[in-house]
Amino acid sequence: EKFYNDAMGALERDPRFWTAVNDDGLKMTDIHGPMGMREEAYPSHIAEKIPVAGRVVRGSNRAYTGFINLMRWHVYSELLDMAETSARLTPKMRRDAAKVANWATGRGDLPGKTLEAAAPLLNTVFFSPRLMASRFQTFNPFFYANLDPIARKYAMKAAVKTVMAGMSVLAAAAAAGAKVNLDPTNADFGKIKVGKTRIDVWGGHQQWVRVAAQIYAKKITSSTTGKEIALKGGFAGSSRWDVGSRFLQGKFSPPASLIRDWTHSTDFQGQPFAWKQAVVSRVYPLLIQDMLETYHEYGVGP
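Here we summarise the structure given alongside this text. The structure displayed is predicted, hence computed values, not measured ones.

1. What to know about a nonpolar patch on the surface
Here is step 1: Residues Ile259, Trp262, Trp275 and Val279 make up a contiguous nonpolar surface patch of roughly 450 Å² in combined accessible area.
Here is step 2: Only α12 (254-264) and α13 (275-283) provide two or more residues apiece to the nonpolar patch.
Here is step 3: Note that tryptophan 262 resides in helix α12.

The following block contains the structure:
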């Protein structure tokens, strides 16, 4: 706690800090703040009040928030230093530096003032809407086109590095014998498959490419059988609208997804809805759920 407070205090004492936050739009977050000022992964203090486990949650919150804030500030400062060196530091450049820093650290701008103001509410319906916005911005050419040339070059370089790093990992996995799917209409697109385990190295970027490809190609390729399903719509048929709506439903927050599953009488995988299983799956941390699934699948070997 002391290290976190000291680190955040050092940032706030920087002469450029308050200008960055108040004038340039840099999204610095705080574990002590209200929902709109916290990282989306930790929208409230409730879990921190759980006996014993709450201390772990708060420690995780500190580590996550502190790292992201320092990274966000590093990107912003680096861009400002580049602009100062080139004698091109303008108010627009400062705002664009903040915009790129926010985007690069998963806190993208929501379109329009109305959605920005409604961000805390959106965070109760969707899981990390600002992260969704940042991933969409990666593939939005207008995002880059509207940036100052220095910020644009920095952002495009970061995007290319992300793609090259991901492709390098996929190539290495394929060379090691793992299965890698490069069909953008397949649910396993861009994933590494080892046995029944799938590994997604793209941090949410792959999903946008997949859903766009399925809507454009008007088809879905089954990840298990390889069979192509045409998106023709009509009675009992899937349509492009179904693909888009299912994609958004997959981004629902735990409470919103619980309501969705209850009203549909099935969970997101099509299994019959059961209150006990639905509540437990939303209360237990994902890491523990993954560990339990791995244990049941592989057991404990020598």
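Right, picking up where we left off after that structure.
2. Re the nonpolar core
Here is step 1: Core analysis: the largest hydrophobic core is formed by 29 residues, its most contacted members being Leu26, Trp73, Tyr76, Leu79, Met93, Val100 and Ala155.
Here is step 2: In this structure, tyrosine 76 is in contact with Ala20, Asp24, Leu26, Arg94, Ala97, Ala98 and Ala101, ignoring residues within four places of it in sequence.
Here is step 3: By size, the runner-up hydrophobic cluster in this structure holds seven residues, among which are Met132, Trp208, Leu231 and Val243.

3. Comments concerning the sheet that holds strand β2 (residues 191-194)
Here is step 1: Across the sheet, which stays open at both edges, the three strands sit in the order β1-β2-β3 with antiparallel pairing between neighbours. Taken across any chain shown, the strands that pair with only one partner, and hence form the sheet edges, are β1 (179-180) and β3 (197-200).
Here is step 2: Bridging between β2 and β3 involves four bridges; their strand directions are antiparallel. Looking across to β3, one finds that lysine 193 is bridged to arginine 198.
Here is step 3: Here helix α9 (residues 149-175) sits on the sheet and contacts β1 and β2; the angle it forms with β2, its principal contact strand, is near 20°.

4. Description of the packing of aromatic side chains
Here is step 1: One pass over the structure, following the stated rule, counts eight aromatic pairs.
Here is step 2: Plain terms: the ring middles of tryptophan 73 and tyrosine 76 are 5.5 Å apart, the flat faces sit at 40° to each other, and that makes the pair tilted. Of this pair, tryptophan 73 and tyrosine 76 both sit in helix α3 (residues 53-85), separated by three residues, roughly a single helical turn. Just as tryptophan 73 is buried, tyrosine 76 falls in that class too.
Here is step 3: Through a chain of ring-to-ring contacts, the aromatic side chains of Phe17, Trp18, Trp73 and Tyr76 assemble into a single cluster.

5. A short note on the side chain of arginine 210
Here is step 1: Following the sequence through the fold, arginine 210 ends up in helix α10 (residues 205-217).
Here is step 2: Despite its burial, arginine 210 pairs with no opposite charge, the nearest such side chain being aspartate 200 at 6.9 Å.
Here is step 3: Setting aside its immediate chain neighbours within four residues, arginine 210 contacts Pro184, Asn186, Ala187 and Phe189.

6. Topic: the side chain of arginine 72
Here is step 1: Among the structural elements, arginine 72 can be located in helix α3.
Here is step 2: Residue arginine 72 is classed as buried on the basis of its relative accessible area of 0%.
Here is step 3: Within the structure, the side chain of arginine 72 is placed 2.6 Å from the backbone oxygen of lysine 27, a separation counted as a polar contact.

7. Examining α3
For the α-helix, the turn length of 3.6 residues means that residues three or four positions removed from each other point alike.
Here is step 1: Here α3 spans 48 Å end to end across 33 residues, near enough to the 48 Å set by a 1.5 Å rise per residue.
Here is step 2: Following α3 by one or two positions, alanine 87 has its phi on the positive side, about 55°.

8. Here we look at the environment of serine 134
Here is step 1: Its place among the elements puts serine 134 in helix α7 (residues 129-138).
Here is step 2: Separated by 32 residues in sequence, serine 134 and asparagine 102 place their C-alpha atoms 8.0 Å apart.
Here is step 3: Residue contacts for serine 134: discarding those within four places in its chain leaves Trp103, Gly106, Arg107 and Gly108.
Here is step 4: A distance of 3.4 Å separates polar atoms of two side chains, one belonging to serine 134 and the other to arginine 135.

9. Notes on the pattern of salt bridges
Here is step 1: This model, assessed by the stated rule, comprises 12 salt bridges.
Here is step 2: A salt bridge links glutamate 39 to arginine 72; the shortest N-O distance between them is 3.2 Å. Note that glutamate 39 is positioned in the loop between α2 (17-24) and α3 and arginine 72 in helix α3, a separation of 33 residues in sequence. Across the pair, exposure class does not vary: glutamate 39 and arginine 72 are buried alike.
Here is step 3: Between lysine 219 and glutamate 228 there is a salt bridge; the shortest N-O distance is 3.0 Å.
Here is step 4: Here the salt bridges do not stand alone but share partners, grouping Glu1, Arg38, Glu48, Arg58 and Arg62 into one network.

What counts, and where the lines are drawn
- Residues numbered from 1 in each chain as written.
- Predicted model: local features only at pLDDT ≥ 70, side-chain atom pairs only at ≥ 80, totals over all residues.
- Heavy atoms only, no water.
- Patch = residues over 30% accessible without salt bridge, like charges linked within 9 Å, V, L, I, M, F, W, Y side chains within 5 Å.
- Areas by Shrake-Rupley, 256 points an atom, 1.4 Å probe, with all protein chains shown as cover.
- Salt bridge = Lys/Arg side-chain N within 4 Å of Asp/Glu carboxyl O.
- Helix = DSSP H or I, 4+ residues; strand = E, 2+ residues; numbered from the N terminus.
- Core = buried A, V, L, I, M, F, W, Y, C linked by side-chain atoms within 4.5 Å.
- Buried < 20%, exposed > 50% of the residue type's maximum accessible area, 1.4 Å probe, protein only.
- Contact = heavy atoms within 4.5 Å.
- Pairing = 2+ DSSP bridges.
- Axes fitted to C-alpha atoms, helices over the stretch in contact; angles between N-to-C directions.
- Phe/Tyr/Trp six-rings, centres within 6.5 Å; stacked < 30°, edge-to-face > 60°.
- Lys, Arg positive; Asp, Glu negative; His and termini not counted.
- Polar contact = N/O pair within 3.5 Å; in protein donor to acceptor, adjacent residues only side chain to side chain.
- Expected span 1.5 Å × (residues − 1).

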